[in-house]
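Here's the letter readout for the chains.
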Amino acid sequence: MTRPTISRAHLVKWLVSSPPLLFLLLFFVAPGIIMVVASFRYPGEFGGLAALYSPTPNLPSGLTAEAYRFFFSDPIYAEIFVKSFAVALATTFICLLMAYPLALLMARSPKRQRDLMVLLVIMPFASNFLIRAYAWMIILGPQSALSRLTNDFLLLFHAGPVPLLFSPVAVLVGMVYVHLPFMILPLYTNLERHDPLLLDAAQDLGASAWQRFWRVTFPLSLPGIFAGSALVFIPALGVFAIPDILGGTHDMLIGNLIKEQFLGTRDWPFGSALSILLTVAALAWAGLAAGLARRWRHYA
Amino acid sequence: MHRSPALWTAAILTYLFLYLPLVIVVAYSFNDSRLNAEWVGFTWHWYRVLLQDAGMLRAAANSLFIAFVASSAATVLGTMAGIAMQRYRLRLLPIMVLSPVAMPEILLGVSLLLFFIQVLNLTLGMLSVIIAHITFCIGFVAVIVRARLVGMDESIFEAARDLGATPWQAFRHVTLPLILPAVIAGFLMSFTLSLDDFVITFFTAGVGVSTLPLQIYSMIKIAVTPEVNAVSTLLMLLTLTLLLLASRIAPDVLKGRAV
């Protein structure tokens, strides 16, 4: 009697879990594997990939680590990686500085105000990120009030006019603007759970407002900081549209480099190798953040 | 230190930073000037231009079609994944469901581009975009559905089975009605994400098909006119409506837990 029910339960389990599993195996895992393999192949004569088995011996075929060797042969590529990390780190840090006071205020507000405040954070998030980058194109554009004001001010010190748009600063502003909600929301969910009695106890024990923040609230909020940082840093690392829209020709990041390999020069093995290196970097970062968060939960 | 004026000031500045740019985009969509530089006067002109822009209208129709098909499929697959993740101890599925959401979008875009062209020999177009959108939407639906199931008492499903319901009947009459708000919210969320997606669409659309975000991108890159402001304003209104609808149906979406 038990045997058929067990196999039936198995059948149900299989029926429920296999369709999404198979879909993702086919359209997420397989493309990933193809990309790893592609990074070890030769580029085709007219872009794309060369054949794995070539009938004519004088054409390159088979597998090679040439794309990776090429990456390390010219320091410009490592520089672009370092620059992308620096931009993503700066974005994360500025987002954290801007998000923390707001998240703290939200968490300390009465329940009814809180939902409204969360809604007010999510609403601008609902607009397309291209639109949000475009908004800064208007604000920083050469004819904008901000540009004229800045340059009139600089003129007082006999400094020449500076373009605000198409500069590294514009890229950073755009990056912060687009990613900010990703930092506010996890921070808020963390801060909201803090027990207010802890702060009262600290106050009773004579801790100043500053001490209460640095020795109670801040350490307890570290898991939220790590979660928010991962949610900002990882997408920020792969961005290409924001430098495309707000940056100048020198503001190329990893994302732009990868895009160029696939759609411009069509060097697919090199583009794949860059993508693999980016994946490894992003995974290492995510692992680091998760590890730190877990370790901290032990203390807290 | 409770809610000190300093905290209020910092928070209000952050809100201003979040809203001012969007207010400017919306305001200039009604501005009677080709330049997004200063206010000249009110006009509907750019909306009229927009409604006569055949390319833009086709892109809008494509976007809606893709979003509808992709989010329908993602809702079915994501609901299955959410139930499976909650009910069974699976190792592989949660990782595979959440990874496409957690990694830089460009990676999913280029790996699908390679796969479609190299392995499937597929001409990039509507179909490749739809498949790509399903891939990243499944995770969002699964998370929302799972969050709804977490708070539920498993014994009512067992009770239905003990009373002789087949697994399908138990799902149809017990599980589904209970998770329906989450399923609908997941659908609306996927619809919004698909409608809004630029990066993955950019790599998987080829030259065959254009969507609203692709159209907006090329306009920003080539020739900026306030028509961009007008289409941005309309798209913002649409996504906002969908998002508010989703949060009405499943309040969890708004708590930041599902984002």
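Residues numbered from 1 in each chain as written. Chains lettered and ligands numbered in written order. Predicted model: local features only at pLDDT ≥ 70, side-chain atom pairs only at ≥ 80, totals over all residues.

Undergrad: Any chance you could explain the overall build of chain A here in plain terms?
TA: A count of helices and strands for chain A gives 13 helices and 0 strands. Along chain A, helices (α) and strands (β) appear in the sequence α-α-α-α-α-α-α-α-α-α-α-α-α when read from the amino end. For a compact globule of 300 residues, the expected C-alpha radius of gyration is about 19 Å, and chain A comes in at 25 Å, more than 25% above that figure. Burial analysis of chain A (300 residues in total) assigns 43% to the buried set. (Helix = DSSP H or I, 4+ residues; strand = E, 2+ residues; numbered from the N terminus. Rg over C-alpha atoms; globule rule 2.2 N^0.38 Å. Buried ≥ 20, exposed ≤ 12 C-beta atoms within 10 Å, placed from the backbone.)

Undergrad: Would you mind going over the confidence of the model for chain B with me for this structure?
TA: The share of residues in chain B with pLDDT of 70 or more is 96%, and the mean pLDDT across the chain is 85. The weakest mean pLDDT in chain B belongs to helix α7 (residues 155-162) of chain B at 83; the strongest belongs to helix α9 (residues 199-204) of chain B at 94. (pLDDT = per-residue confidence, 0-100.)

Undergrad: Explanation requested: helix α5 (residues 129-140) of chain A in the structure shown.
TA: Every α-helix carries 3.6 residues per turn, so stepping three or four residues along brings you back to the same face. For α5 of chain A, spanning 12 residues, the distance from its first C-alpha to its last is 17 Å, which sits close to the expected 16 Å at 1.5 Å a residue. With 12 of its 12 residues buried, α5 of chain A lies for the most part within the structure. Taken together, the buried residues of α5 of chain A touch α6 (145-156), α7 (168-192) and α11 (241-246) of chain A together with α1 (5-28), α10 (212-222) and α11 (226-249) of chain B. (Expected span 1.5 Å × (residues − 1). Contact = placed C-beta atoms within 7 Å.)

Undergrad: So what exactly am I meant to see when it comes to helix α5 (residues 105-119) of chain B here?
TA: Helix length check: α5 of chain B (15 residues) gives 21 Å between terminal C-alpha atoms against 21 Å at 1.5 Å per residue, within 8%. Of the positions making up α5 of chain B, those classed as buried are Glu 105, Ile 106, Leu 107, Leu 108, Gly 109, Val 110, Ser 111, Leu 112, Leu 113, Leu 114, Phe 115 and Phe 116 of chain B.

Undergrad: Please explain the interface of chain A and chain B as it appears in this structure.
TA: The accessible area lost on association of the parts is a frequent measure of interface size. Each side of the interface is counted separately: chain A has 73 residues, and chain B has 67 residues. Across the side of chain A that touches chain B, the residue classes break down as 54 nonpolar, 14 polar and 5 charged. (Nonpolar A, V, L, I, M, F, W, Y, C, P; charged D, E, K, R; others polar.)

Undergrad: What exactly am I supposed to notice about unusual backbone geometry here?
TA: Peptide bonds are, in most cases, trans, and in most cases residues other than glycine have a negative phi. Positive phi, normally seen in glycine, also occurs at Phe 166 of chain A, with a value near 55°. For Phe 166 of chain A, the position within the fold is in the loop between α6 and α7. Note on Phe 166 of chain A: 20 C-beta atoms within 10 Å, which makes it buried. One non-glycine residue with positive phi stands out, namely Asn 121 of chain B, at about 55°. In this structure, Asn 121 of chain B sits in the loop between α5 and α6 (126-150).

Undergrad: Got a minute to help me understand the packing of α7 of chain A against helix α10 (residues 222-237) of chain A in this structure?
TA: The relative placement of two packed helices is expressed as an angle between their axes plus a distance between the axes. Residues and elements named next belong to chain A. One can describe the packing of α7 onto α10 by two numbers: an axis separation of 8 Å at closest approach and a directional angle of 155°. For the element pair α7 / α10, the angle class is roughly antiparallel. In this structure, α7 crosses over α10, and the sense of that crossing is right-handed. Here Met 175, His 179, Phe 182, Met 183, Pro 186, Leu 187, Thr 189, Asn 190 and Leu 191 of α7 lie close against α10, whose contacting residues are Pro 223, Gly 224, Ile 225, Ala 227, Gly 228, Leu 231, Val 232, Pro 235 and Ala 236. Classifying every residue of the contact of α7 with α10 gives 13 nonpolar, 5 polar and no charged. (Axes fitted to C-alpha atoms, helices over the stretch in contact; angles between N-to-C directions. Parallel < 35°, antiparallel > 145°, perpendicular 65-115°, else oblique. Left-handed = near helix turned anticlockwise from the far one by under 90°.)

Undergrad: Looking at this model, I keep getting lost on the packing of helix α3 (residues 54-87) of chain B against helix α8 (residues 167-196) of chain B. Mind explaining?
TA: All names here are of chain B. In the contact formed by α3 and α8, the axes pass within 8 Å of each other and the chain directions differ by 140°. Of the possible angle classes, the one that applies to α3 and α8 is oblique. Judged by the sense of rotation from one axis to the other, the crossing of α3 with α8 is right-handed. Between α3 and α8, the residues in contact are Ser 63, Ile 66, Ala 67, Ala 70, Ser 71, Ala 74, Thr 75, Gly 78 and Thr 79 and Val 183, Gly 186, Phe 187, Ser 190, Phe 191, Ser 194 and Leu 195, respectively. Partitioning the contact of α3 with α8 into residue classes produces 8 nonpolar, 8 polar and no charged.

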